[in-house]
Amino acid sequence: MLYVPKGSKSAYEAADYWKEFNEIVEMADDKNYLEPVNTAACPGGLGTTIGIEMRNTEEIVGFQFDLQLPEGMTVATNANGTYAANLTDRKADHSLSVSKVDDNLYRFVSVSMNNNAYTGNEGALLNVKLKVDESVALGDYEVKVTNTELTTSNEEVINSVDGVATLTVQEAESGDVNGDMKISVTDVSSIIGYILNDRPATFIESAADLNGDNKISVTDAVIVIGKILSDGSEANARKNVPTKREPQ
């Protein structure tokens, strides 16, 4: 028997692996929990950012959770070596600490030294930049938020169910030559650098040959510019499918 959050039974019945359970039972509604948001990435690119949302009815002043990533995926690092994860504007004076506790497993801890609560009752709480190794095969992978503990302003401990999201590894979109899941002037600059024999550290040649003539030239840069102008904004390739959560 598999217990799932209220309202999610049909999603579990249709999902690979979970649908193999003979009996799926919905639990009572969870009012305070964290869950990751579905996203997409391409192998060997600059990575993608996955959002972690919090829904809460209580005043939450601190949290911790473990982020379980599939094989070949890691939390990206900044130039100074720190992990590339940031709280959103829901924070007050909260700090965020991140450490790697095992292969593909990262722990996040956030508190307020003044016991302030995060603002709002739903929405993105933090963003985590992920790196996908070029050896990762195309397909859908599970990203899990586990061992979640939320602390209320009156020091009550809330252990929520696990959160599960889908990270879709897909080929880079034509024009997204740095694999950051968007098309921007950075991609134009990368193509120009490549033409001038100053190849960027991250460069996906298959995404740079936009006219299919088996070479990378100024025409490809012009086509990328046309894409940016026709879109009116930077293109963002993300797959939106229902986020699911599972019990611990």
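Here the structure is shown first, and the text comes after it.
Our subject in this report is the structure included herewith. For every chain, the first residue of its written sequence is number 1, and the numbers climb from 1 along that sequence. Side-chain atom pairs in this predicted model are given and counted only at pLDDT of 80 or more, local residue features only at pLDDT of at least 70, and totals for whole chains, interfaces and linings cover all residues. Hydrogens and waters are ignored; side-chain quantities use all the structure's heavy atoms.

1. Some points on the overall build of the protein chain
For the record, the criterion: Helix and strand labels come from DSSP, where a helix needs a run of H or I of at least four residues and a strand needs a run of E of at least two; each type is numbered from the N terminus. For each residue, the accessible area found with a 1.4 Å probe, counting protein chains only, is set against the maximum for its type, and the residue is called buried under 20%, exposed over 50%, and partly exposed in between. Contacts are assigned to residue pairs with any non-hydrogen atoms lying within 4.5 Å of each other. Here the Shrake-Rupley method, with its probe set to 1.4 Å, supplies the accessible areas, and only the displayed protein chains count as covering residues.
Counting secondary structure elements, the protein chain contains four helices and 17 strands. Looking at the protein chain residue by residue over its 248 residues, the buried ones come to 44%. Of the contacts formed within the protein chain by residues at least 6 apart in sequence, a portion of 69% connects residues at least 24 apart. Accessible area for the protein chain stands at about 12600 Å²; split by element, carbon and sulfur atoms hold 45% of it.

2. Notes on helix α2 (residues 185-195)
Residues D187, V188, S190, I191 and G193 constitute the buried set of α2. Residues of α2 that are buried sit in contact with β15 (182-183), α3 (205-208) and α4 (218-231). With its phi angle positive at about 65°, N197 sits one or two positions after the end of α2.

3. Digging into the packing of aromatic side chains
Note the following rule: Here the aromatic set is Phe, Tyr and Trp, taking the six-membered ring for Trp, and pairing holds for ring centres within 6.5 Å; pairs whose planes are under 30 degrees apart are stacked, those over 60 apart are edge-to-face, and all others are tilted.
Applying the stated rule across the entire model yields five aromatic pairs. With a centroid separation of 5.7 Å and 40° between ring planes, the pair formed by F63 and Y118 is classed as tilted. Highlighted residues: F63 in strand β6 (residues 60-68) and Y118 in the loop between β10 (105-111) and β11 (124-132), separated in sequence by 55 residues. With respect to burial, F63 and Y118 carry one shared label: buried.

4. With respect to the packing of α2 against α4
Filter applied, for reference: Throughout, an axis means a line fitted to C-alpha atoms (over the contacting stretch in the case of helices), and angles, computed between N-to-C directions, take values from 0 to 180 degrees. Note that the term roughly parallel is reserved for angles under 35 degrees, roughly antiparallel for angles over 145, roughly perpendicular for angles of 65 to 115, and oblique for everything else. In this classification, the charged set is Asp, Glu, Lys and Arg, the nonpolar set is Ala, Val, Leu, Ile, Met, Phe, Trp, Tyr, Cys and Pro, and all remaining amino acids, among them Gly, are polar.
Interaxial distance between α2 and α4 falls to 9 Å at its minimum, and their mutual angle equals 175°. The angle between α2 and α4 falls in the class roughly antiparallel. Packed against α2, whose contacting residues are V185, D187, V188, I191, I192 and I195, the element α4 presents V218, D220, A221, V224, I225 and I228 at the interface. Taken together, the residues that form the contact of α2 with α4 break down as ten nonpolar, no polar and two charged.

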